[in-house]
Amino acid sequence: GQNIDQPTEMTATEGAIVQINCTYQTSGFNGLFWYQQHAGEAPTFLSYNVLDGLEEKGRFSSFLSRSKGYSYLLLKELQMKDSASYLCAVYGASGGSYIPTFGRGTSLIVHP
Amino acid sequence: DSGVTQTPKHLITATGQRVTLRCSPRSGDLSVYWYQQSLDQGLQFLIQYYNGEERAKGNILERFSAQQFPDLHSELNLSSLELGDSALYFCASSVAGGGTGELFFGEGSRLTVL
C-alpha cells in the first residue's frame, strides 16, 4: 500500500518563501505530483517529478529524492491567493496498475 | 476549465436512498478516476476505469458501484446512503491507463445525506 505524510497546516507571510514537505512509502513508484486545491474547488496540477532533482515552474519548484521517499514544494514570492491546500500525490502500484494516492494535504495560510 | 464535466454539482438526499453521479472526461482521455473527499480528509481513491474496463479498485464500499460507457463517460452509483457518505465526489481523467500523466479534475459533486 501507499503511505503519504505531509504537515497539516503552515503559515507564511506575503512575499516570503515557504517549503512544504512530503514523505512517502509506496510499493512501486512511478512519479509524484503536487496539486493545489482551494476550499470547495477542484485540485489543479502544479508539478510532476519522476526523476530525482528539482523541477522549476515560475514561482513554484518541486524536488524529489526517490531513495529517501521525500519531496518538497517550494513557493516563492508568496501571494495572498496562494492560501490553499497543497496535495502531494504518488503514483504507486495497486494490483496490476499504478494509481495516484493523495496525502491529506497541507493547508497554507498566507497573511499580510 | 479542466474539460472534465461532473453533474450534478450539488445533491441533497435522505438516508437509504440511491444516487447517480455522472462524469464526462476530457476529450481524448481514456481513463476515469473517482475520488471521495470528506471534511478534513484527503482524496480517497475509489475506482478507476480505462477505456470501458475497470482498471483498479480502492476502498470502495460494496454499496457503491461504477461503470464507464462506450462514449467514455462514467457513472458512480451510491446506494443505501448513510450520513457518513456526505462528501465531495471528484472525477478525474487522464490520457493514459495508469502510472503516468497528469489528472484533470472535474469541479466535483457535493453530496449531502440527511
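This text gives an overview of the structure that appears in the document. (Residues numbered from 1 in each chain as written. Chains lettered and ligands numbered in written order. Predicted model: local features only at pLDDT ≥ 70, side-chain atom pairs only at ≥ 80, totals over all residues. Heavy atoms only, no water.)

Focus: the overall build of chain A
Piece 1. Assigned secondary structure in chain A consists of zero helices and 11 strands.
Piece 2. Counted from the first residue to the last, chain A has its helices and strands arranged as β-β-β-β-β-β-β-β-β-β-β.
Piece 3. For the C-alpha atoms alone, the extent of chain A along its principal axes is close to 45 × 30 × 20 Å.
Piece 4. In chain A, buried positions account for 47% of the 112 residues.
Piece 5. Long-range contacts, defined here as pairs at least 24 residues apart, represent 56% of the contacts in chain A between residues at least 6 apart.
Piece 6. Roughly 5,200 Å² of accessible area belongs to chain A as shown, and the carbon and sulfur atoms make up 50% of that amount.
Piece 7. Both charge centroids of chain A, one from 7 positive and one from 9 negative side chains, sit 4 Å from each other. (Helix = DSSP H or I, 4+ residues; strand = E, 2+ residues; numbered from the N terminus. Buried < 20%, exposed > 50% of the residue type's maximum accessible area, 1.4 Å probe, protein only. Contact = heavy atoms within 4.5 Å. Areas by Shrake-Rupley, 256 points an atom, 1.4 Å probe, with all protein chains shown as cover. Lys, Arg positive; Asp, Glu negative; His and termini not counted. Charge placed at Lys NZ, Arg CZ, Asp CG, Glu CD.)

A word on the pairing of strand E3 (residues 19–24) of chain B
Residue and element names in this part refer to chain B.
Piece 1. Of the two faces of E3, only one is covered, namely that formed by Val19, Leu21 and Cys23; the face formed by Thr20, Arg22 and Ser24 stays uncovered.
Piece 2. Note that E3 and strand E8 (residues 74–78) share five bridges and pair antiparallel. What sits directly across from leucine 21, in E8, is leucine 76. (Pairing = 2+ DSSP bridges.)

A closer look at the sheet that holds strand E8 (residues 70–75) of chain A
Two strands in a sheet stick together by hydrogen bonds in their backbones, pointing the same way (parallel) or opposite ways (antiparallel).
Residues and elements named next belong to chain A.
Piece 1. Read from one edge of the open sheet, five strands run E1-E3-E8-E7-E6, paired in antiparallel fashion. Only two strands of the sheet have a single neighbouring strand rather than two, namely strand E1 (3–5) and strand E6 (53–57). If you compare each strand with its neighbour and ignore which way they point, the axes differ by 15° on average.
Piece 2. Note that E6 and strand E7 (residues 60–65) share five bridges and pair antiparallel. Note on E7: the bridge partner recorded for glutamate 55 is serine 62. (Axes fitted to C-alpha atoms, helices over the stretch in contact; angles between N-to-C directions.)

What about the packing of aromatic side chains?
Residue and element names in this part refer to chain B.
Piece 1. Applying the stated criterion across every chain, the model contains 18 aromatic pairs over all chains.
Piece 2. An angle of 70° between the planes, with centres 6.5 Å apart, marks the rings of phenylalanine 64 and tyrosine 89 as edge-to-face. Note that phenylalanine 64 is positioned in strand E7 (residues 64–68) and tyrosine 89 in strand E9 (residues 87–94), a separation of 25 residues in sequence.
Piece 3. Judged by relative accessible area, phenylalanine 64 falls into the buried class, the value being 6%. (Phe/Tyr/Trp six-rings, centres within 6.5 Å; stacked < 30°, edge-to-face > 60°.)

Some thoughts on the interface of chain B and chain A
Piece 1. At the junction of the two partners, chain B supplies 25 residues and chain A supplies 20 residues.
Piece 2. Where chain B abuts chain A, roughly 1,600 Å² becomes buried across the two surfaces, and 55% of that area is made up of carbon and sulfur atoms.
Piece 3. Taken together, chain B and chain A are joined by zero salt bridges.
Piece 4. Counting across the chain B and chain A interface gives three residue pairs in polar contact (both at pLDDT 80 or more).
Piece 5. Listed by contribution, the elements that provide at least two residues to the side of chain B that touches chain A are strand E4 (31–37), strand E5 (43–50), strand E6 (53–57) and E9 of chain B. (Buried area = accessible area lost by both parts, 1.4 Å probe. Salt bridge = Lys/Arg side-chain N within 4 Å of Asp/Glu carboxyl O. Polar contact = N/O pair within 3.5 Å; in protein donor to acceptor, adjacent residues only side chain to side chain.)

Observations concerning the sheet that holds E3(B)
Residues and elements named next belong to chain B.
Piece 1. Taken in spatial order, the four strands make up an open sheet running E1-E3-E8-E7, and their pairing is antiparallel. A strand with exactly one partner marks an edge of an open sheet, and here the two such strands are strand E1 (5–7) and E7. For this sheet, the mean inter-axis angle between neighbouring strands, taken without regard to orientation, is 15°.
Piece 2. Note that E1 and E3 share three bridges and pair antiparallel. Residue pairing in the sheet places glutamine 6 in a bridge with cysteine 23 of E3.

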